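Notes for the structure review
Here are the chains, one letter per residue:
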Amino acid sequence: MINILVTGANGQLGSEINALKQIYSDYNFHFTDSKELDITNHEGVDQFIKTNKISVIINCAAHTAVDKAETEIELSTKLNHLAVENFGNIAKVNNIKLIHISTDYVFDGTNYIPYSENQKTNPQSVYGNTKLAGEQALQKINPKNSIIIRTSWVYSSFGNNFVKTMLRLANERKELGVIVDQIGTPTYARDLAKVILEIIPKIKNKNVEVYHFSNKGVSSWYDFAKAIFDIKEIKIKLNAIETSQYPTAAKRPFYSVLNKNKIENTFQIEIPNWRDSLKECLQKL
């Protein structure tokens, strides 16, 4: 039996892992949120690891409120940087596997081809900077059998996300403007959860490895919204707007499509197209 700690259990990814747990009879899961485990407390986390004989940590916890992070710098640093550093030290001392989830926001979005794992990072927001700091701290500590998975545009039938926001707004309005000049790829959290649970036995690396994962294909937020309304057969007037027409506190990458070749080839996985995964998710909503 493999004992697994899942942090950020009430988030989208943590909730999807929880929903899949019955499929994995060889795994014994311990799901925690901030009320149950302070992930920045070294002694507390170390004791939890030892008491429950944890051999794998899946760190889904983060401060993901991108705009709030611009003013909540201390909280963002604590959860996105210092907690990751804490897990890195504990993973190294206890010789356990660590899977840490990061983001496309570590890039500046000026590319025109999908970002590979070794391309230069240049975050443009507090969220992106603190997530990159967490990555760098983990790489410096360098516990073996540890990986970083960068993902993008995450949605789920759980929690708050773009898909649920679009469905709610469609009930409130007859017309909606959605950004057309930010390009990326939606990621169904269930697809990412499945990949994480499948690759756990296959993780065998001396140095920290970085992987990219999102669904296949490319989309703008406008394309994403249109697909949601088309699949649900919702009649609404959808207007394409530019980023300049919808200012936000945090700067978003204009282009953040991720190259998934490394994770596909290393672990021999197949990644669904984002439209197919969206249909699957919308059946639950």
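Relevant structure appears above.
Residues numbered from 1 in each chain as written. Predicted model: local features only at pLDDT ≥ 70, side-chain atom pairs only at ≥ 80, totals over all residues. Heavy atoms only, no water.

**What about helix 2 (residues 42-51)?**
Each α-helix turn comprises 3.6 residues. Residues three or four places apart therefore point the same way. Those residues of helix 2 that fall on the buried side of the exposure criterion are V45, D46, F48 and I49. Mapping the buried residues of helix 2 onto a view down its axis gives an arc of 160°, with all of them on the same face. Turned more than 90 degrees away from the buried face of helix 2, the exposed residues are E43 and T51. Buried residues belonging to helix 2 abut strand 1 (2-7), strand 2 (27-31), strand 3 (56-59) and helix 3 (73-94). One side-chain oxygen of the residue at the start of helix 2 lies 3.2 Å from the amide nitrogen of E43, identifying that residue as N41. Immediately downstream of helix 2, the backbone of K53 shows phi near 50°, a positive value. (Buried < 20%, exposed > 50% of the residue type's maximum accessible area, 1.4 Å probe, protein only. Helix = DSSP H or I, 4+ residues; strand = E, 2+ residues; numbered from the N terminus. Arc of directions from axis to C-beta. Contact = heavy atoms within 4.5 Å. Polar contact = N/O pair within 3.5 Å; in protein donor to acceptor, adjacent residues only side chain to side chain.)

**Observations regarding the packing of helix 1 (residues 12-20) against helix 6 (residues 189-199)**
Running from N to C, helix 1 and helix 6 cross one another at 60°; their axes reach a closest spacing of 8 Å. Remark: the crossing between helix 1 and helix 6 carries right-handed chirality. Facing Q12, L13, E16, I17, A19 and L20 of helix 1, the residues of helix 6 in contact are A189, R190, L192, A193, K194, I196 and L197. Counted by class, the contact of helix 1 with helix 6 contains 9 nonpolar, 1 polar and 3 charged residues. (Axes fitted to C-alpha atoms, helices over the stretch in contact; angles between N-to-C directions. Left-handed = near helix turned anticlockwise from the far one by under 90°. Nonpolar A, V, L, I, M, F, W, Y, C, P; charged D, E, K, R; others polar.)

**Overview of the layout of surface pockets**
The volume enclosed by the second largest pocket comes to roughly 200 Å³. Around the second largest pocket, the lining is made up of 15 residues, and of these D191, K194, V195, E198 and E270 lie nearest the centre. When contributions to the lining of the second largest pocket are tallied by element, the ones reaching two or more residues are helix 6 and helix 9 (274-282). In terms of residue count, the dominant contributor to the lining of the second largest pocket is helix 6 (5 residues). Each residue belonging to the lining of the second largest pocket can be placed in one class, and the counts come to 8 nonpolar, 1 polar and 6 charged. (1 Å grid on protein atoms, 1.4 Å probe; cavity = no way out; pocket = protein on both sides within 12 Å on 5 of 7 lines; lining within 4 Å. Points joined across faces, edges and corners; volume = space filled by probe spheres on them.)

**What to know about the state of the cysteines**
All told, the structure shown has 0 disulfides when counted by the stated rule. The cysteine C60 is free of any disulfide, with C281 supplying the nearest cysteine sulfur at 17 Å. (Disulfide = S-S within 2.5 Å.)

**Here we look at empty space enclosed by the protein**
With the rule as written, the count across this model stands at 1 cavity of 30 Å³ or more. Taken as a whole, the largest cavity holds about 30 Å³ of empty space. Surrounding the largest cavity, D104, Y105, W153, Q182, W221, R252, P253 and S256 form its lining. The residue inventory of the lining of the largest cavity, partitioned by class, reads 4 nonpolar, 2 polar and 2 charged.

**As for the packing of aromatic side chains**
Remark: the centre distance and the inter-plane angle together describe each pair of aromatic rings, the angle taken between the planes. Taken as a whole and assessed by the stated rule, the structure comprises 14 aromatic pairs. Ring geometry for Y105 versus Y127: centroids 5.4 Å apart, planes at 75°, classification edge-to-face. In this pair, Y105 sits in the loop between strand 4 (97-103) and helix 4 (126-141) while Y127 sits in helix 4, placing the two residues 22 residues apart along the sequence. Consider the rings of Y155 and Y188, whose centres lie 5.5 Å apart with planes at 15°: the pair is stacked. Placement of the pair is Y155 in strand 6 (residues 154-155) and Y188 in strand 9 (residues 187-188), with a sequence separation of 33 residues. Taken individually, Y155 and Y188 each receive the classification buried, so the pair is uniform in this respect. Here the aromatic residues W153, Y155, F162, Y188, W221, F224 and W274 are joined through ring pairs into a cluster of three or more. (Phe/Tyr/Trp six-rings, centres within 6.5 Å; stacked < 30°, edge-to-face > 60°.)

**Some thoughts on the environment of K97**
With respect to the helices and strands, K97 occurs in strand 4. According to the relative accessible area criterion, K97 is buried, its value standing at 17%. For the pair K97 and R150, spaced 53 residues apart in the sequence, the C-alpha separation amounts to 17 Å. Discounting chain neighbours no more than four positions away, the residues touching K97 are S55, V56, I57, N145, I200, P201 and I203. At a separation of 3.1 Å, a polar atom in the side chain of K97 contacts the main-chain carbonyl oxygen of I203.

**A few points about the sheet that holds strand 5 (residues 146-151)**
Strand order across the open sheet formed by 6 strands is 2-1-3-4-5-10, with parallel pairing between neighbours. The sheet is open, and its two borders are formed by strand 2 and strand 10 (209-212), each paired with just one other strand. The average undirected angle you get between the axes of adjacent strands in this sheet is 20°. Alignment of strand 5 against strand 10, held across 4 bridges, turns out to be parallel. Residue I147 lies in a different strand from strand 10, and its bridge partner there is E209. (Pairing = 2+ DSSP bridges.)

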